[in-house]
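What the coordinates show
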Amino acid sequence: MKIINLILRGCLAVRYYAGIGTLYLCGEKNCVVCGGITDLLPVCAGCFQKTIANIRLNAKRCLVCGRVLVSEKSVCVLCRSRPSIGNLNTVFPLYNYYLWARDLLFMWKMQNNRYFSFVFARQILVVLQNRFDGIPVVPVPPRPSKIKNSGWDQIKDISDILKYRYKMNVLDLLRRCDNSEQKKLGRTERLGRAEKRYVWNQAFKGHIPRSVVLLDDIMTTGATLNECAVALKAAGVETVHAVTLFSVSD
Ligand SMILES: [Zn+2]
Ligand SMILES: [Zn+2]
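Residues numbered from 1 in each chain as written. Chains lettered and ligands numbered in written order. Predicted model: local features only at pLDDT ≥ 70, side-chain atom pairs only at ≥ 80, totals over all residues. Heavy atoms only, no water.

1. Points about the packing of aromatic side chains
What characterises a pair of aromatic rings is the spacing of the ring centres plus the angle enclosed by the ring planes. Under the definition given, this model contains nine aromatic pairs. Centroid distance W100 to F246: 6.5 Å. Interplanar angle 65°. Geometry classified as edge-to-face. On the criterion of sequence distance, the pair formed by W100 in helix α4 (residues 100-110) and F246 in strand β6 (residues 239-247) is long-range, its members being 146 residues apart. The residues W100 and F246 share a single accessibility class, namely buried. Joined through ring pairs, the aromatic side chains of Y95, Y97, W100, W108, Y115, F116, F120, W152 and F246 make up one cluster. For R61, the ring lying beneath its charged end belongs to F92, and the centroid distance is 3.9 Å. (Phe/Tyr/Trp six-rings, centres within 6.5 Å; stacked < 30°, edge-to-face > 60°. Helix = DSSP H or I, 4+ residues; strand = E, 2+ residues; numbered from the N terminus. Buried < 20%, exposed > 50% of the residue type's maximum accessible area, 1.4 Å probe, protein only. Lys NZ or Arg CZ within 6 Å of the ring centre and 35° of its normal.)

Next up, the structure:
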């Protein structure tokens with residue numbers, strides 16, 4: 001009996017010190033939303049429900065960019081003046097980009113808290129299943145500088161989780177032209193494709209789905225997503241939707 005007691009107490013002690021150790025190593029003791037105490041995630045359980053878990057599937061959204069609207073208007077202020085993103089059929093951002101979103105994105109991308117990829121992938125899955133069921137997912141290829149700086153690509157992380165953990169249909173239909181490829185081209189060719197940063201991946205020749213959902217982390221002007229949509233439609237895809245984690249408003 002005594003031995004069992006000792007073992008149990010030992011286990012508790014190990015768990016306690018492991019907890020303290022993790023807090024110490026991660027250095028994240030305060031919730032980024034409310035400032036209260038949190039354990040492993042940088043968001044406390046209460047705030048998690050109000051922010052990350054709160055995708056607002058049925059909220060009123062901007063007819064152009066899909067942002068959740070606060071006013072009675074049907075198109076957001078930004079979309080009244082932004083260049084056209086008309087090649088995208090629907091855009092669904094999970095969250096408006098402010099306050100807590102900035103902090104979380106920074107922790108995830110800049111401070112390499114990669115476990116957040118799982119959290120975000122789970123939320124994206126909910127949107128895919130509710131809004132774009134059965135439609136293949138196409139990740140936006142990363143800028144080469146992005147991987148060079150951090151060593152990993154956030155969208156690749158999420159796509160891999162969607163593909164291998166949730167068995168979603170993820171297709172790398174797009175490729176990004178790097179600068180060296182552009183340099184090899186003649187001057188006239190280069191001028192002709194000056195704007196073309198994304199091209200169809202020839203590995204998928206002849207396998208053209210009718211609809212796809214583009215996946216990116218953040219939508220600022222929408223130019224990147226629109227460009228990707230142009231490349232996809234040029235190859236024969238009829239409908240291009242987009243899901244992004246965040247949508248920037250200013
Ligand atoms: Zn909190
Ligand atoms: Zn809008």
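Moving on, there is more to tell.
2. Section: the sheet that holds strand β1 (residues 90-96)
Paired through their backbone hydrogen bonds, the strands of a sheet run either parallel or antiparallel. Taking strand neighbours across the sheet as the criterion, the four strands line up as β1-β6-β5-β2 in an open arrangement whose pairing is parallel. Of all the strands in the sheet, the pair left with one neighbour each is β1 and β2 (137-139). If you compare each strand with its neighbour and ignore which way they point, the axes differ by 25° on average. Looking at chain direction, strand β5 (residues 211-219) and β6 are connected through eight bridges and run parallel. (Pairing = 2+ DSSP bridges. Axes fitted to C-alpha atoms, helices over the stretch in contact; angles between N-to-C directions.)

3. Description of the coordination of the zinc ion (ligand 1)
The zinc ion (ligand 1) binds to the protein through C31 (SG), C34 (SG), C44 (SG) and C47 (SG), with metal-donor distances spanning 2.2 to 2.3 Å. Classification of the site at the zinc ion (ligand 1) as tetrahedral follows from its four donor atoms and the range of 99 to 116° in their angles at the metal. One chain supplies every donor to the zinc ion (ligand 1), and in sequence these donors are spaced C-x2-C-x9-C-x2-C. Linking C34 in the loop between α1 (2-26) and α2 (45-50) with C44 in the loop between α1 and α2, this pair joins segments that are ten residues apart in sequence. Look at C34 and you get partly exposed, because its relative accessible area is 49%. Looking at C44, the relative accessible area reads 14%, which means it is buried. (Donors = N, O, S within 2.8 Å, 3.2 Å for Na, K, Ca; no water. Tetrahedral: all angles 85-135°; square planar, octahedral: opposite > 155°, others 65-115°.)

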